[in-house]
Amino acid sequence: MSGHSKWSTIKHKKAAQDAKRGRLFTKLIKEITVAARQGGGDPDGNPRLRAAIDVAKSANMPADNIKRAVQKGTGELPGVSYDEVQYEGYGPGGVAILVETLTDNRMRTTPEIRHAFSKHGGNLSEPNSVAWMFEKKGQFVVPLSVTDEDTLMELVLEAGADDLRQEDDRFEVQTSPEGFSAVREALGQAGIEPSEAAIVLEPSTVVHLEGKKAEQCLRLLEILEDHDDVQNVYANLEVDDDFVGSEPE
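Values in this document were obtained by computation on a predicted structure and should not be read as measured data. (Residues numbered from 1 in each chain as written. Predicted model: local features only at pLDDT ≥ 70, side-chain atom pairs only at ≥ 80, totals over all residues. Heavy atoms only, no water.)

## Structural notes on the overall build of the protein chain
Operational definition: Comment: elements are numbered from the N terminus, with helices defined as DSSP H or I runs of at least four residues and strands as E runs of at least two. The cut-offs for exposure are 20% and 50% of the maximum accessible area for each residue type, with area from a 1.4 Å probe on protein chains only; residues under the lower value are buried, those over the upper are exposed, and the others partly exposed. Note on contacts: a residue pair qualifies if any of its non-hydrogen atoms lie within 4.5 Å across the two residues. Method for areas: the Shrake-Rupley scheme with a 1.4 Å probe, in which residue coverage is limited to the protein chains shown.
The secondary structure content of the protein chain amounts to 9 helices and 11 strands. A buried classification covers 43% of the 249 residues belonging to the protein chain. Nonlocal contacts in the protein chain, meaning residues at least 24 apart in sequence, comprise 72% of its contacts between residues at least 6 apart. Here the protein chain has roughly 12,600 Å² of accessible surface; of this, 49% comes from carbon and sulfur atoms.

Printed below as a string of structure tokens:
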């Protein structure tokens, strides 16, 4: 919607900061390791690992880093064992929030996540209380400077993408999780390198907040994003564009 920004858009604007801090590689390595541990080290027979490696390649992760992460997952190299824990809750104004974590100590992570919610006007809730509001999608972000809309539209739809839309200075391509790898391969063959590629959760509805409520909710989401055990934070928050623009970097 023109004039408004969803949390997914706000996250995109902050992604470069994560990359500079090295946080992105840390998250990707953990995801590859867990995917290999659960489904084996062959990406052709492990869709989750294939998707994780595709995302890592799109983030320009060195091949050696990817290989070592896989080997830690399969046990060929020593590594930390992570548990997947998903937290669901509500933020200020009734915004639905879903937090995906990979932790080596859930007895540490759970109270820390609960404290973050309670300190910033939210509360943890029961499993499946908000998960039903989100749908899993593959997503690619392509800068406008890389290609034109008609060329990209023809390419990704032929590869099986579900949707293409323009957001500010970029195109966003959405696919089913199963179609993620095919679209990435088609982009690569065409010489189009996405600035972001990931499996994400898209909310079916949004909650629009303004003023103090919006500020408080954004702060909660940023605190959760910065937690070392957190892989992804999804929310159905929407705020005014000018409000986002007034936030400090």
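## Examining the pairing of strand β6 (residues 163–167)
The following threshold applies: Strand pairing follows a simple DSSP-based rule, namely that at least 2 bridges must link the two strands.
As defined by bridge partners, β6 adjoins strand β7 (residues 170–175) across 5 bridges and the pair is classed as antiparallel. Residue pairing for β7: Q166 is matched across the bridge by F171. Hairpin geometry of β6 and β7 is characterised by an intervening segment of 2 residues between the two adjacent antiparallel strands and by a positive phi of about 55° at D168.

## What about the nonpolar core?
Going by this rule: Buried Ala, Val, Leu, Ile, Met, Phe, Trp, Tyr and Cys residues form a nonpolar core when they are joined through side-chain atoms within 4.5 Å.
Residues I32, L152 and V173 are the most contacted members of the largest nonpolar core, which totals 27 residues. With 6 residues, helix α3 (residues 47–58) is the largest single contributor of residues to this core. When neighbours within four sequence positions are excluded, V173 is seen to be in contact with G138, Q139, F140, L152, V156, A161, D163, L164 and V183. Membership of the second largest hydrophobic core comes to 20 residues, among which are V99, C217, L218 and L220.

## Here's the deal with helix α4 (residues 63–74)
Let me state the cut-off plainly: Each helix should span, by expectation, one fewer than its residue count multiplied by 1.5 Å.
Taking 1.5 Å as the rise per residue, α4 with 12 residues should run 16 Å; its terminal C-alpha atoms sit 17 Å apart, in good agreement. Listing the buried residues of α4 in full gives N65, I66, A69, V70, Q71 and G73. The secondary structure elements touched by the buried residues of α4 are α2 (23–39) and α3.

## Observations concerning the side chain of D229
As a reminder, the rule being used: Identification of polar contacts relies on pairs of N or O atoms within 3.5 Å, with a donor-acceptor requirement for protein atoms, meaning one able to donate a hydrogen and the other able to accept it, and with residues adjacent in sequence counted only if both atoms are side-chain atoms.
Within the element layout of this structure, D229 appears in the loop between α8 (211–225) and β10 (230–235). By relative accessible area, D229 is classed as buried at 7%. Side chain to side chain, D229 and R108 meet in a polar contact 2.7 Å long. At a separation of 2.6 Å, a polar atom in the side chain of D229 contacts the side chain of T109. Excluding its chain neighbours within four sequence positions, the residues that come into contact with D229 are K30, E100, T101, L102, T103, R108 and T109.

## Description of the sheet that holds β10
To summarise the sheet geometry, strands pair through backbone hydrogen bonds and adopt either a parallel or an antiparallel arrangement. Inclusion rule: Note on geometry: axes are C-alpha line fits, over the in-contact stretch for helices, and angles between N-to-C directions span 0 to 180 degrees.
Judged by pairing direction, the sheet is antiparallel, and its 4 strands sit side by side in the order β4-β2-β3-β10 without closing on themselves. With one partner strand each, in any of the chains shown, β4 (123–124) and β10 form the two edges of the open sheet. Against the sheet, helix α5 (residues 106–119) engages β2 (83–90), β3 (96–103), β4 and β10, with an angle of about 15° to β2.

## Quick look at the pattern of salt bridges
As a reminder of what qualifies: Here a salt bridge means any side-chain nitrogen of Lys or Arg lying within 4 Å of a carboxyl oxygen belonging to Asp or Glu.
Taken as a whole and assessed by the stated rule, the structure comprises 15 salt bridges. Two residues, R108 and D104, come together in a salt bridge whose shortest N-O distance is 3.1 Å. Look at R108 and you get partly exposed, because its relative accessible area is 29%. Within the structure, one salt-bridge network assembled from shared partners comprises D163, R165, E167, D169, R170, E172 and E202.

## As for the confidence of the model for the protein chain
Quick reminder of the rule: Scored between 0 and 100, pLDDT is the confidence that the predictor attaches to each residue.
The pLDDT averaged across the protein chain works out to 88; a share of 89% of its residues lies at or above 70. Segment residues 245–249: pLDDT under 50, and 2 contacts once partners within four positions in sequence are set aside and those in other chains are kept.

## Things to note about the pairing of β3
Of all 8 residues in β3, 7 are buried, a share of seventy percent or more. Examined bridge by bridge, β2 and β3 share 8 bridges and lie antiparallel to one another. By the bridge assignment, E84 is partnered in β3 with L102. Bridging between β3 and β10 involves 5 bridges; their strand directions are antiparallel.

## Some thoughts on the environment of Y234
Tracing the chain through its elements places Y234 in strand β10. Using a relative accessible area of 6% as the deciding quantity, one classes Y234 as buried. Separated by 32 residues in the primary sequence, Y234 and E202 have C-alpha atoms spaced 7.7 Å apart. A polar atom in the side chain of Y234 sits 3.5 Å from the backbone oxygen of I199.

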